[in-house]
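Structural characterization, general
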Amino acid sequence: GLEPNRGNGWLLALFVTLTCRLETKEAIRLGRRLQVKRKTIEEMATGCRIYQEFLLRLAEQQPPSRVVKMLDVLSKTGMIVAWAIAPTEVARTQIVQYMTRWRDVRHTMTGEELRALGLAPGPAYGQMLRRLRRAWLDGEVETPVEERALAARLMAGGWGDDDDA
């Protein structure tokens, strides 16, 4: 949501910025009362949910992997809005860290390498790759060699996607 190249995306972003601290029901009521388009009302409600579900959690320091999971769903404009409405300096700092450092962190292993370690193709690939990305983000691994060793340990230990929160 909230893309600037949609006709009045920036106007929508401003509207969401002004209404995000409302309870979702209040934002919906306000949008109806102002007779704005249904899509705008939906974006207002989404802004309220993002504020309540993500940004209030970012008010306290979070592990990088959790910040990434929360913010990966936002568009660039949404990210700017999130920074503007963030409730604390800690939240704004974590958003900036996401934009400048964490957003592009990726695992280095491939599906081929996972198969070579004995992981059967399927949903487990995605789970393992998400787990490896978290390891990079949170400093659990710092080199591709450490990443491969972690993958091997996880597979040997009967791993699961234990912390996808």
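Please refer to the structure higher up on the page.
Given the structure is predicted, the values throughout are model-derived calculations rather than measurements. (Residues numbered from 1 in each chain as written. Predicted model: local features only at pLDDT ≥ 70, side-chain atom pairs only at ≥ 80, totals over all residues. Heavy atoms only, no water.)

1. Description of the nonpolar core
- L55, L58, L71, I95 and Y98 are the most contacted members of the largest nonpolar core, which totals 24 residues.
- When residues no more than four places from it in sequence are discounted, the contact partners of I95 are L55, L58, L71, M79, A82, W83 and A86.
- With 14 residues, the next largest nonpolar core counts L119, L132, A135 and W136 among its residues. (Core = buried A, V, L, I, M, F, W, Y, C linked by side-chain atoms within 4.5 Å. Buried < 20%, exposed > 50% of the residue type's maximum accessible area, 1.4 Å probe, protein only. Contact = heavy atoms within 4.5 Å.)

2. Quick look at the packing of helix α5 (residues 76-85) against helix α6 (residues 89-102)
- It is at 8 Å that the axes of α5 and α6 come closest, and there the two elements cross at 155 degrees. Judged by the angle between their axes, α5 and α6 are roughly antiparallel. You can see that α5 and α6 cross each other, and the crossing is left-handed. Taking contact as the criterion, the partners of M79, A82 and W83 in α5 are, on α6, R92, I95, V96, Y98 and M99.
- Across the contact of α5 with α6, the residue classes tally to seven nonpolar, no polar and one charged. (Axes fitted to C-alpha atoms, helices over the stretch in contact; angles between N-to-C directions. Helix = DSSP H or I, 4+ residues; strand = E, 2+ residues; numbered from the N terminus. Parallel < 35°, antiparallel > 145°, perpendicular 65-115°, else oblique. Left-handed = near helix turned anticlockwise from the far one by under 90°. Nonpolar A, V, L, I, M, F, W, Y, C, P; charged D, E, K, R; others polar.)

3. Quick notes on α6
- Listing the buried residues of α6 in full gives A91, Q94, I95, Y98 and W102. An end-on view of α6 places all buried positions within 105 degrees of arc, on one side of the element. Of the exposed residues in α6, those oriented more than 90 degrees away from the buried face are E89, T100 and R101.
- In this structure, the buried residues of α6 make contact with α3 (38-55), α4 (64-71), α5 and α8 (123-137). (Arc of directions from axis to C-beta.)

4. Notes on the pattern of salt bridges
- For the structure shown, the criterion picks out seven salt bridges.
- Across the pair E42 and R38 runs a salt bridge whose closest N-O atoms are separated by 3.6 Å. With E42 and R38 both in helix α3 and four residues apart, this pair spans about one turn of that helix.
- Accessibility expressed as a relative area gives 38% for E42, which makes it partly exposed. (Salt bridge = Lys/Arg side-chain N within 4 Å of Asp/Glu carboxyl O.)

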